[in-house]
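Architecture and fold: a report
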Amino acid sequence: MRYEIVLKRIYSPGEPTDGARVLVDRLWPRGKRRESLALTEWYRDASPSPSLSRQLRQDEISPKVFAVRYRGELRDHPESLVPLMRYARQGKLTLLSAARNLEESYLPLLQQALLEALRHEDVEDLELASPPCYRHQVPDE
């Protein structure tokens, strides 16, 4: 199945074609009122941990190390992706963040993790739960 997960800044105006609009930052964006954002949900659990974000902000770790550790956080807590996966299965999902440069933020990593988790679930759904029964094809002796 094909899923449409797009990234947008929270400061961009909402559009009717956005589908589910989910803010995935841990902190509320400055100067924004909830009513003005047309949010479906504010979901913090899929964003990087506060300590990991702080390490990146304070240049204690490189962006590459951040990416590896953030992927590890998502891998260690796959349940954090479930609500976002539900939105993606219902239609278009727009992940929102206050980050200035979305491509250099954690959002592309989250987008990729969501797509991989959705594909993995789809493959599991195609596998048979138990082996087929061929009893009706075996001649009686």
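Our structure's up above, just so we're on the same page.
This write-up is about the structure you can find in this document. (Residues numbered from 1 in each chain as written. Predicted model: local features only at pLDDT ≥ 70, side-chain atom pairs only at ≥ 80, totals over all residues. Heavy atoms only, no water.)

**As for the overall build of the chain**
So the rule is basically this: Comment: elements are numbered from the N terminus, with helices defined as DSSP H or I runs of at least four residues and strands as E runs of at least two. For the exposure calls, accessible area comes from a 1.4 Å probe over protein chains only, and a residue counts as buried if that area is under 20% of its type's maximum, exposed if over 50%, partly exposed in between. Note on areas: Shrake-Rupley, 1.4 Å probe, and residue coverage restricted to the protein chains presented here.
In terms of helices and strands, the chain carries four helices and four strands. Counting across all 141 residues of the chain, residues that qualify as buried make up 36%. Within the structure as shown, the chain displays about 9700 Å² of accessible surface, and the carbon and sulfur contribution to it stands at 51%.

**As for the sheet that holds strand β1 (residues 5-9)**
Whether parallel or antiparallel, the strands of a sheet pair through hydrogen bonds between backbone atoms. How we decide: For two strands to count as paired, DSSP must find a minimum of two bridges between them. We call two residues in contact whenever any of their non-hydrogen atoms come within 4.5 Å of each other. To obtain each axis, a line is fitted to C-alpha atoms, and for helices this fit is confined to the stretch in contact; angles are then taken between N-to-C directions over 0 to 180 degrees.
Reading across from one edge, β1-β4-β2-β3 is the order of the four strands in this open sheet, with parallel pairing throughout. Only two strands of the sheet have a single neighbouring strand rather than two, namely β1 and β3 (41-42). Alignment of strand β2 (residues 20-23) against β3, held across two bridges, turns out to be parallel. By the bridge assignment, Leu23 is partnered in β3 with Trp42. Sheet contacts for helix α3 (residues 82-90): β1, β2, β3 and β4 (93-97); angle to β4, the most-contacted strand, approximately 135°.

**Brief notes about the pattern of salt bridges**
Counted only if it meets this: One side-chain nitrogen of Lys or Arg within 4 Å of one carboxyl oxygen of Asp or Glu is enough to make a salt bridge.
Under the criterion given, the structure shown has eight salt bridges. The shortest N-O distance in the salt bridge between Glu15 and Lys8 comes to 3.7 Å. By relative accessible area, Lys8 is classed as buried at 15%. With its nearest N and O atoms 2.8 Å apart, the salt bridge here joins Asp18 to Lys8. Here the residue Asp18 occupies a position in the loop between β1 and β2, and Lys8 occupies one in strand β1, the gap between them amounting to ten residues.

**Describing the side chain of Thr94**
Relative to the helices and strands, Thr94 is located in strand β4. Excluding its chain neighbours within four sequence positions, the residues that come into contact with Thr94 are Val6, Lys8, Asp18, Ala20, Arg21 and Val22.

**A short note on the packing of aromatic side chains**
Put simply, the rule reads: Working definition: a ring pair exists when centres of Phe, Tyr or Trp rings (six-membered ring for Trp) sit within 6.5 Å. Plane angles under 30 degrees give stacked, over 60 give edge-to-face, the rest tilted. Each ring is checked for a lysine NZ or an arginine CZ that lies within 6 Å of its centre and within 35 degrees of its normal; such an atom marks a charge sitting over the ring.
Within this structure, the stated rule accounts for three aromatic pairs. Both rings, one in Trp28 and one in Trp42, keep their centres 5.0 Å apart while their planes meet at 70°; by these two values the pair is edge-to-face. Note that Trp28 is positioned in the loop between β2 and β3 and Trp42 in strand β3, a separation of 14 residues in sequence. Ring pairs connect the aromatic residues Phe66, Tyr70 and Tyr106, which therefore count as one cluster. Residue placement shows Arg44 over the ring face of Trp42; its charged tip is 3.6 Å from the ring centre.

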